[in-house]
Amino acid sequence: MPTCRTCYGEYQKKQSSCPRCESDVDVWKTAELSLPEYILYTIIGLGPSLVMALIIWRAASLQPNSLHHFIAGLLAVGLPILAFFSIFGQRHKIRELTWAQQVYKPRFRLHPALIGILALLATIVLWLVSYVLFKVWGDPKVIKYYHKLIFALVYSLGHLCFTASATLLVLQRYLKTLDESVPPPLFVNTDRMVQVAVKTAFKILGTNVKSEGLQDLRADQKVTRRLEVMQTSRRDDDGGVRISVREYRGTRLEGDDFFGHPQWIENTWIIEADRWARIQSLKPSEVKYSQ
Ligand SMILES: [Zn+2]
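Keep in mind that this is a model prediction, so the values were computed, not measured. Numbers given for residues are sequential positions, taken from 1 along each chain in its written order. Owing to the predicted nature of the model, reporting of local features is limited to residues with pLDDT of at least 70; listing and counting of side-chain atom pairs is limited to 80 or more, with chain, interface and lining totals taken over all residues.

## Re unusual backbone geometry
Working step 1: Despite not being glycine, Glu22 shows a phi value in the positive range, around 65°.
Working step 2: In this structure, Ala277 is a non-glycine residue whose phi angle is positive, near 65°.
Working step 3: Looking at the secondary structure, you find Ala277 in the loop between β3 (263–273) and β4 (279–290).
Working step 4: As a rule, residues whose C-beta atom has 12 or fewer other C-beta atoms within 10 Å are exposed, those with 20 or more are buried, and those in between are partly exposed; C-beta atoms are placed from the backbone. Judged by the 27 C-beta atoms lying within 10 Å of it, Ala277 falls in the buried class. Helix and strand labels come from DSSP, where a helix needs a run of H or I of at least four residues and a strand needs a run of E of at least two; each type is numbered from the N terminus.

## Things to note about the environment of His111
Working step 1: Looking at where His111 falls in the secondary structure, it is placed in the loop between α4 (91–103) and α5 (112–137).
Working step 2: Since 14 C-beta atoms lie within 10 Å of it, His111 is described here as partly exposed.
Working step 3: Separated by 17 residues in sequence, His111 and Ile94 have C-alpha atoms that sit 9.1 Å apart.

## Regarding α5
Working note: α-helix, 3.6 residues per turn, so residues spaced by three or four point in the same direction.
Working step 1: Any helix carries an expected span of 1.5 Å times its number of residues minus one. Its 26 residues give α5 an end-to-end C-alpha distance of 36 Å, which sits within 8% of 38 Å, the value for a rise of 1.5 Å per residue.
Working step 2: The elements touched by buried residues of α5 are α6 (145–181). Working definition of a contact: two residues with C-beta atoms, positioned from the backbone, lying within 7 Å.

## Quick look at the confidence of the model for the chain
Regions with low pLDDT should not have their predicted coordinates read in detail.
Working step 1: Per-residue confidence from the predictor is reported as pLDDT, which spans 0 to 100. Of the residues in the chain, 83% have a pLDDT of 70 or more, and the chain-wide mean is 81.
Working step 2: Confidence scores differ between elements of the chain, with helix α2 (residues 35–62) showing the lowest mean pLDDT of 72 and α4 the highest of 92.
Working step 3: Considering only residues more than four positions removed or in separate chains, one finds that residues 208–220, a stretch of pLDDT under 50, has 14 contacts.

Set out below in structure tokens:
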């Protein structure tokens, strides 16, 4: 079953809106990266690795028995590929964290653009160090094997930082475009979060209730219900919500006629939900009876 990217609820493939949060799920099908875009971003992210792979392949063909080229190649190509796929694979998590920082105060904070710029500066420093090492150790008469490995490690880290920087900066642009066409995560909108949490809470209780308006109590009905959200408060550390809901429940005793007065029960519930409106606890706090 596909998962809604707005609330992490499940929906059927044929549905165009999420049954849980009612957001448009079709919009994600066109907003996600197309294959040409994905290939373009991959080339940008892995550019330095591809260039280095060609250089090392050429150097290795000149000195076929040197293990150094194999290790250097593995580091220079493998590390950036790992960085690219790790960052790109987490693009939705990075988007959520960016939104979360605008809504509450998550324990883990991340500024992708700032990290991208710092990684770019680290790239320049590491490539300058590589150049200095090349000048100092470049003489084949004095260079030792471990010098070669240190040199390979430094320029490989330079490629790693460059790939991380390019990926993060391009990702920022992609996420900005994405946010223009898809709904924000559920936790951004407290009202919607509360609606989803209340609906979910009363499903747990096995009660189908309408959250607005008092239903007419007809003679053929034994029970009617109304819900009223009394108070909501967001938690600053994890974006969750605490909701106080009053449930009015009218019951009609067997044998009462249409004009008979039902007995009303006021039941206050305290709902604790996480930032995706998933119920963490549901407790009654107060029960009142009235005629
Ligand atoms: Zn949803």
